[in-house]
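Architecture and fold: a report
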Amino acid sequence: QVQVVESGGGLVQAGGSLRLSCAASGSRFNINAMGWYRQAPGKQRELVAVITRSSSTNYADSVKGRFTISRDNAKNTVYLQMNSLKPEDTAVYYCNAESLLGLHWGQGTQVTVSS
């Protein structure tokens, strides 16, 4: 069974930075795309950034130029470097990992940006 575990969330002031990590383990197959999503209170979950196994990336317009997604295939780990954080970035951040068995989600990590 594939397990996905996020870490690195916390409380930061506006303009600050945080780095999220997400590790996928237990897969018999290669982990293909990995992505970060977020869900703010009362809102739907939305895509933040996604990265393929070959490191092609895609970002939400709201985070372009501020967030950077990267990965380490040997460790099945994806990172999200978040700079110039804004209060509207406050949300629970979820990681997912895609394998031949489907899409696997983590439990989420809270990011809170104070103004």
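What this report covers is the structure whose coordinates are included nearby.

**A short note on the nonpolar core**
Counting 29 residues, the largest nonpolar core has M34, W36, L80, M82 and Y93 as its most contacted members. Residue assignment for this core shows that the elements contributing at least two residues are β3 (18-25), β4 (34-39), β5 (46-51), β7 (67-72), β8 (77-82), β9 (91-99) and β11 (109-114). If we ignore the near neighbours within four places in the chain, the residues touching Y93 are E6, L20, W36, Y37, R38, V48, F67, L80, M82, G108, T109 and V111.

**With respect to the pattern of salt bridges**
A full pass over the atoms with the stated rule returns four salt bridges. The salt bridge partner of R38 is D89, with a shortest N-O separation of 2.9 Å. With a gap of 51 residues between them, R38 in strand β4 and D89 in the loop between β8 and β9 connect regions that are remote in the sequence. An identical accessibility class is assigned to R38 and D89; each is buried. Across the salt bridge formed by D61 and K64, the nearest N and O atoms sit 3.1 Å from each other. The class of D61 is exposed, set by a relative accessible area of 64%. Exposure remark for K64: the relative accessible area of 48% places this residue in the partly exposed category. Sharing partners across several salt bridges, the network here consists of R38, E46, R66 and D89.

**A few points about the packing of aromatic side chains**
Two descriptors summarise a pair of aromatic rings, namely the distance from one centre to the other and the angle between the planes of the rings. Going through the model one piece at a time under the given rule, you end up with one aromatic pair. Judged by centre distance (5.1 Å) and plane angle (65 degrees), the ring pair of Y37 and W105 falls under edge-to-face. Taken as a pair, Y37 in strand β4 and W105 in strand β10 (residues 102-105) lie far apart in primary sequence, 68 residues in all. We note R45 situated over the ring of W105; from NZ or CZ to the ring centre the distance is 4.7 Å.

**A few points about the pairing of β3**
As defined by bridge partners, strand β1 (residues 3-7) adjoins β3 across five bridges and the pair is classed as antiparallel. If you follow V5 over to β3, its bridge partner there is A23. When β3 meets β8, the two strands line up antiparallel, connected through six bridges. In the sheet register, C22 faces β8, and the bridge partner there is V78.

**Describing the sheet that holds β1**
Strand pairing in a sheet relies on backbone hydrogen bonds, with the paired strands running either antiparallel or parallel. Taken together, four strands build an open sheet; the order of strands is β1-β3-β8-β7 and the sheet is antiparallel. Both edges of this open sheet fall to β1 and β7, since each of them pairs with a single strand only. Taking the axes of each pair of neighbouring strands and ignoring which way they run, one obtains an average angle of 15 degrees across the sheet. Pairing of β7 with β8 involves six bridges; the strand directions are antiparallel. Of the residues in β8, the one forming a bridge with F67 is M82.

Reading the values: the criteria
- Residues numbered from 1 in each chain as written.
- Predicted model: local features only at pLDDT ≥ 70, side-chain atom pairs only at ≥ 80, totals over all residues.
- Heavy atoms only, no water.
- Core = buried A, V, L, I, M, F, W, Y, C linked by side-chain atoms within 4.5 Å.
- Buried < 20%, exposed > 50% of the residue type's maximum accessible area, 1.4 Å probe, protein only.
- Helix = DSSP H or I, 4+ residues; strand = E, 2+ residues; numbered from the N terminus.
- Contact = heavy atoms within 4.5 Å.
- Salt bridge = Lys/Arg side-chain N within 4 Å of Asp/Glu carboxyl O.
- Phe/Tyr/Trp six-rings, centres within 6.5 Å; stacked < 30°, edge-to-face > 60°.
- Lys NZ or Arg CZ within 6 Å of the ring centre and 35° of its normal.
- Pairing = 2+ DSSP bridges.
- Axes fitted to C-alpha atoms, helices over the stretch in contact; angles between N-to-C directions.

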